[in-house]
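What follows is the residue order along each chain.
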Amino acid sequence: MTGNELRQSFLDFFKGKGHTIKPSWPLVPPDDPTLLFTSAGMVQFKKEFLGEIPLKFTRAATCQKCFRTSDIENVGRTTRHHTFFEMLGNFSFGDYFKEESIAWGWEYVTKELNLPKKRLWITIYKDDDEALEIWKKLVPGERIVRMDEKDNFWTMGPTGPCGPCSEIHYDYGEGVGCGRPECKFGCDCDRFVEIWNHVFTQFDRQEDGKLLPLPKKNIDTGMGLERIAAVMQGTHSNFGTDLFKPIIEYAATLTGVDPKDAVPQYRVIADHVRALTFLIADGVLPSNEGRGYVERRILRRAFQRGRDLGLKEPFLYRIVGAVVDTYQTAYPELKAKREHVSKVVLTEEERFNETLTQGLGLLEDIMESLRQSDQKRISGRELFKLYDTYGFPVELTEEIAAARGFELNRAEFESEMHKQRERARAAFTGYEAVGSLRSYSDLAQKLPATRFVGYAEGATDAKILAVLRDNVPIDSVEAESDIEVVLDTTPFYAESGGQIGDKGVLDAKGLKAEVYDTKEPVSGLTVHKVRLKEGELRTGQIVLAQVAKDLRCDTAAHHSGTHLLQSALREVLGPHVYQSGSLVGPDRFRFDYAHYAALDRRQLRQVEALVNHRIRENIPVETRILPFEQAKQLGAIALFGEKYGDEVRVVRMGNVSMELCGGTHVRATGDIGLFLITSESSIAAGMRRIEAVCGGAAYRKIREDEDLLEEAASALNSPRGDVTQRVLQLLEERKKLEKELARLKSAVVSNKVDDMLAGTVDVDGIKVLAVRLDDHDATYLRKTADSLKARLKSGVVVVGGVSEGKVLLIAGVTTDLTARLHAGDLLKDVAKIVGGGGGGRADMAQAGGKDPSKLGQALDVVPVAVERMMKGS
């Protein structure tokens, strides 16, 4: 069976068992800030498992795209470890339990897949006698193995839902694995492979460790598609299946190296390019933090494996097509993103190639510095800098260093890596939201869902269902307090889909309460951020909830503007353009989109003109509620990474735009009034950002620009139409004056050199000169140092000065002395006195300082510092 056939077979089997088939979530969890990536099939059902949202189904099955880096060091070394993988899973939410889960699992692998029963082994948790008795009806007892908590008991954390597991393992036979006569089940060789894990979530672990039965028991199973494909296709290796083979074969055409001769390298390249393709298609872009940082690391890891095979230029981007060809049947969205993904990967490869070159240069400098000081060990900090800043693999550093007779301080490097992981963990802010989300989830289960009437009404009478202060429900609150209020009905739009939450007031007799924001922290619970200025708010009170009309209208104009903008971008640039994010407010909007190059002025004006043309056409804006699949068939564009329900709201603007959107919009495009692009920029490789204003905000922007132009024309004493020419003329005049000033300064230096040289002192036969020149920039000081070095012919020069309240120091050492004296080391000592630091090459270095009052003292120390360095050498 092919990978595609296996995927469909599994879903069809469980559909026949009454399961709702749900599409895979994107690799970035849409509504779970606690997770970097979707790492398991149960992630999209987390709220169903925890009972945080009402159940629309009690049985589900999926083929979930997953990404993990916990096994990254094993990728390439083994036949079965991956970063990206597909997880086949079936789930029960308080419906069936162990009996059905085990029976259906056995039925699928032995009847649907026709795997030999004698090849299958079962593991259970050591105390799970219930599972044992069920399995004994299907499998001989000697093929059922009890395992401890470490291997066969699932927990969500120290406390909370948990339960025993039962795994199905496949035995490839005696000809596979370690081959030892004593090899048996439990051996960690490749002979025995786990193919399906069934988790029986039946307990709630308390803080004292006690396991209490859950009122509703759940089932969560996971079977790796790659592993079962290897079994079904008889390859013994996931990388030999049709899910990987075409990718590896294409990579081999680029390298000219037989895959059999470079197994680990090809495995890493195939695994990582597959992961990159899916990550980028799901909107993750390379960066220096969070998800983008992880993505950048795997790209560089794969690129380095290509270098191992002799590839010196970008090549990963060419393999993206092989991944798309292999997976587009199951994931048709990849086809539309093919060019975009390739462009992002190519840009990142080119960038990494440059940093590798810089890293090689830095490594050479490090080794040269060590050689001069007669040292042979590269510090862990230097290794980490090479690795973290330049993406320089430690193995490559070690290889180059060893060839030159250097060794590495690995222990210190590992310490720096540990610190980095801790920094990354601290920087990931998702966990901060967990506490408040839990309190909102608890509240949502107790209250009916908030009824939103804001599409049709701007004001409505509403009953207060809850009042919260610092996430804690209270009965009532008096004036001068910032609180949160939950209403049974609301016209306030809660922040979602990039549109900010509505503002307005809650009105009642003797009450003055300002709503300054509206959120929906968990599904069905609208929370109004309220500043109570007069009176009292209490649970059960009836108030008039009224949206700020002007702000709502301005926000709607900007939101409708984003739809017209996306349509115009796709028309001008191509259908590969898709929205990756936005921020829509009453005064402006920000629109992030996928495209691999900056828009030139002509393209920007073309897009802007197209949007304004459609505004003048006054196209009616229509909204409909449709089944999700029907909306997709009609061609509605979805916001990538957004989670949609079974029914969706479709916003249509004639034949120009049709998008899935829950935001507020104008009645016709003419209500937008005017559209003006204010900026276009890059936010990441392959991702651009446009900022724009509409309606009244656009008029105000034009008025401000007109006033600025008028002021500039007046200041230049020039007609408005000649402002540009007049500015260019002044810039040219300034350039000539700066050139003349530089010439005059150079002449002054030449005239002063003789006077400066009079301050030269002799230190153990070496000429040492320290001079002070204030109110000059670093370039001037460097030229002065060069002139003085040339006149000394052999010696040491330090030039210092104060400019704009800061200290500048330049040190120069003639080449005949650099083996004994290092300019960078000299400046480190001198700069400490003025509260600064710096460094550089052996012959030239630069430093700064914060304390100008001690510059004289620092320059006086120069001869002493030189003498100390000479004695140390």
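All of these numbers come straight from a predicted model, not from anything done at the bench.

Look at helix α19 (residues 695-716): 32 Å from first C-alpha to last across 22 residues, which is about the 32 Å you get at 1.5 Å a residue. Within the span of α19, buried status applies to Gly695, Ala697, Ala698, Ala713 and Leu716. Here the buried residues of α19 occupy an arc of 160 degrees about the axis, which is enough to place them on one side. Relative to its buried face, α19 has exposed residues pointing more than 90 degrees away, namely Tyr699, Leu708, Glu711, Ser714 and Ala715. Positive phi shows up at Asn717, right after α19, with a value of about 55 degrees.

Take the nonpolar core next. Across soluble globular proteins, you tend to see nonpolar side chains buried next to one another. Ranked by internal contacts, the top residues of the largest apolar core, which has 113 residues, are Trp135, Ile195, Ile228 and Ile378. When residues of this core are assigned to their parent elements, the largest contribution, 11 residues, is made by helix α11 (residues 333-372). With residues near it in sequence (within four places) discarded, Ile378 still touches Leu363, Ile366, Met367, Leu370, Leu383, Ala401, Phe406, Glu407, Leu408 and Asn409. Ranked by size, the runner-up nonpolar core spans 31 residues in total, among them Ala557, Ala568, Phe589 and Leu604.

This paragraph deals with the packing of aromatic side chains. Two numbers describe a pair of aromatic rings. These are the distance of the centres and the angle of the planes. Here the structure, examined in full by the defined rule, presents 31 aromatic pairs. Here the aromatic rings of Trp121 and Phe185 are separated by 4.9 Å at their centres, their planes lie at 0 degrees, and the arrangement is stacked. Taken together, the positions of Trp121 in strand β4 (residues 120-125) and Phe185 in the loop between β7 (160-171) and β8 (192-205) put the pair 64 residues apart, joining distant regions of the chain. When the centroid spacing of 5.2 Å and the interplanar angle of 85 degrees are considered together, the rings of Phe278 and Tyr331 count as edge-to-face. In this pair, Phe278 sits in helix α8 (residues 263-281) while Tyr331 sits in the loop between α10 (316-327) and α11, placing the two residues 53 residues apart along the sequence. Here Phe278 matches Tyr331 in class, with each residue buried.

Among the structural elements, Thr814 can be located in the loop between β33 (806-813) and α22 (823-833). On the basis of relative accessibility, which here comes to 6%, the residue Thr814 falls in the buried class. Polar contacts involving the side chain of Thr814 include one to the main-chain amide nitrogen of Gly795, which spans 3.0 Å. In this structure the side chain of Thr814 is engaged in a polar contact, spanning 2.6 Å, whose partner is the side chain of Asp816. Contact partners of Thr814, with chain neighbours within four places excluded, come to Lys789, Lys793, Ser794 and Gly795.

This part covers the sheet that holds strand β25 (residues 621-627). Reading across the sheet, the three strands line up as β25-β26-β27 and stay open at both edges, with antiparallel pairing between neighbours. Every other strand in the sheet has two partners, leaving β25 and β27 (657-660) as the edge strands with one partner each. For this sheet, the mean inter-axis angle between neighbouring strands, taken without regard to orientation, is 25 degrees. In this structure, β25 lies alongside strand β26 (residues 647-653), joined through seven bridges in antiparallel fashion. Note that in β26 the partner of Glu622 across the bridge is Arg652.

Take the sheet that holds strand β24 (residues 589-594) next. Reading across from one edge, β23-β24-β29-β28 is the order of the four strands in this open sheet, with antiparallel pairing throughout. Every other strand in the sheet has two partners, leaving β23 (579-584) and β28 (675-684) as the edge strands with one partner each. Mean inter-strand twist for the sheet, computed between neighbouring axes without regard to direction, equals 15 degrees. Against the sheet, helix α17 (residues 601-616) engages β28 and β29 (687-694), with an angle of about 135 degrees to β28.

A separate point is the pairing of strand β32 (residues 796-803). Across the eight residues of β32, seven count as buried, placing the element largely inside the fold. Two elements, strand β31 (residues 766-772) and β32, share five bridges in a ladder whose sense is parallel. Bridging from a neighbouring strand, Val768 pairs with Val796 of β32. In terms of handedness, the path from β31 via helix α21 (residues 778-792) over to β32 forms a crossover that is right-handed. Looking at chain direction, β32 and β33 are connected through eight bridges and run antiparallel. The residue bridging Gly801 from the neighbouring strand is Leu808, located in β33. Where β32 hands over to β33, the hairpin turn is made up of two residues, of which Glu804 adopts a positive phi near 55 degrees.

Moving on to a nonpolar patch on the surface. Taken together, Val727, Leu728 and Leu731 make up a surface patch of nonpolar side chains, about 250 Å² in accessible area. Structurally, Leu731 is set in helix α20 (residues 723-757).

In this fold, Thr83 is placed in the loop between β2 (59-67) and β3 (84-93). The class of Thr83 is buried, set by a relative accessible area of 0%. At a separation of 2.6 Å, a polar atom in the side chain of Thr83 contacts the side chain of Asp271.

Turning our attention to the pattern of salt bridges. Tallied over the entire structure, the rule returns 49 salt bridges. Lys136 is the partner of Glu133 in a salt bridge, and the nearest nitrogen-oxygen pair spans 3.9 Å. One end of the pair, Glu133, and the other, Lys136, are both in helix α4 (residues 129-136), three residues apart, so they sit about a helical turn from each other. For Glu133, a relative accessible area of 43% puts it in the partly exposed group. Measuring nitrogen to oxygen at the nearest pair gives 3.5 Å for the salt bridge that ties Glu407 to Arg377. Of this pair, Glu407 sits in strand β11 (residues 407-408) while Arg377 is found in strand β10 (residues 377-378), placing the two residues 30 residues apart along the sequence. When salt bridges that share partners are traced, they join Lys98, Asp128 and Glu130 into one network.

The geometry of α8 relative to α11 is characterised by a closest axis approach of 9 Å and an angle of 110 degrees between their N-to-C directions. On the basis of their axis angle, the class for α8 and α11 is roughly perpendicular. Contact with α8, carried on its side by Thr277, Phe278, Ile280 and Ala281, involves Leu334, Lys337, His340, Val341, Val344 and Val345 of α11 and no other residues of that element. For the contact of α8 with α11, the residue count by class is seven nonpolar, two polar and one charged.

Mean pLDDT for the protein: 90, with 97% of residues reaching 70 or above. Across residues 428-435, confidence stays below pLDDT 50; counting only partners more than four residues off in sequence or on other chains, it has nine contacts.

Time to look at unusual backbone geometry. It is generally the case that most residues other than glycine have a negative phi and that most peptide bonds are trans. The phi torsion at Lys793 lies on the positive side, around 70 degrees, for a residue other than glycine. Structurally, the position occupied by Lys793 is in the loop between α21 and β32. Here Lys793 falls in the exposed class, since its relative accessible area comes to 69%. The backbone of Glu804 sits at a positive phi, close to 55 degrees, despite the residue not being glycine.

Glancing now at the state of the cysteines. Going through the model one piece at a time under the given rule, you end up with zero disulfides. Free cysteine: Cys63, not disulfide-bonded; nearest cysteine sulfur from Cys66 at 8.5 Å. For Cys63, a relative accessible area of 7% corresponds to the buried category.

Scoring rules and cut-offs
Residues numbered from 1 in each chain as written. Predicted model: local features only at pLDDT ≥ 70, side-chain atom pairs only at ≥ 80, totals over all residues. Heavy atoms only, no water. Helix = DSSP H or I, 4+ residues; strand = E, 2+ residues; numbered from the N terminus. Expected span 1.5 Å × (residues − 1). Buried < 20%, exposed > 50% of the residue type's maximum accessible area, 1.4 Å probe, protein only. Arc of directions from axis to C-beta. Core = buried A, V, L, I, M, F, W, Y, C linked by side-chain atoms within 4.5 Å. Contact = heavy atoms within 4.5 Å. Phe/Tyr/Trp six-rings, centres within 6.5 Å; stacked < 30°, edge-to-face > 60°. Polar contact = N/O pair within 3.5 Å; in protein donor to acceptor, adjacent residues only side chain to side chain. Pairing = 2+ DSSP bridges. Axes fitted to C-alpha atoms, helices over the stretch in contact; angles between N-to-C directions. Right-handed = clockwise from strand over helix to strand, strands pointing away. Patch = residues over 30% accessible without salt bridge, like charges linked within 9 Å, V, L, I, M, F, W, Y side chains within 5 Å. Areas by Shrake-Rupley, 256 points an atom, 1.4 Å probe, with all protein chains shown as cover. Salt bridge = Lys/Arg side-chain N within 4 Å of Asp/Glu carboxyl O. Parallel < 35°, antiparallel > 145°, perpendicular 65-115°, else oblique. Nonpolar A, V, L, I, M, F, W, Y, C, P; charged D, E, K, R; others polar. pLDDT = per-residue confidence, 0-100. Disulfide = S-S within 2.5 Å.

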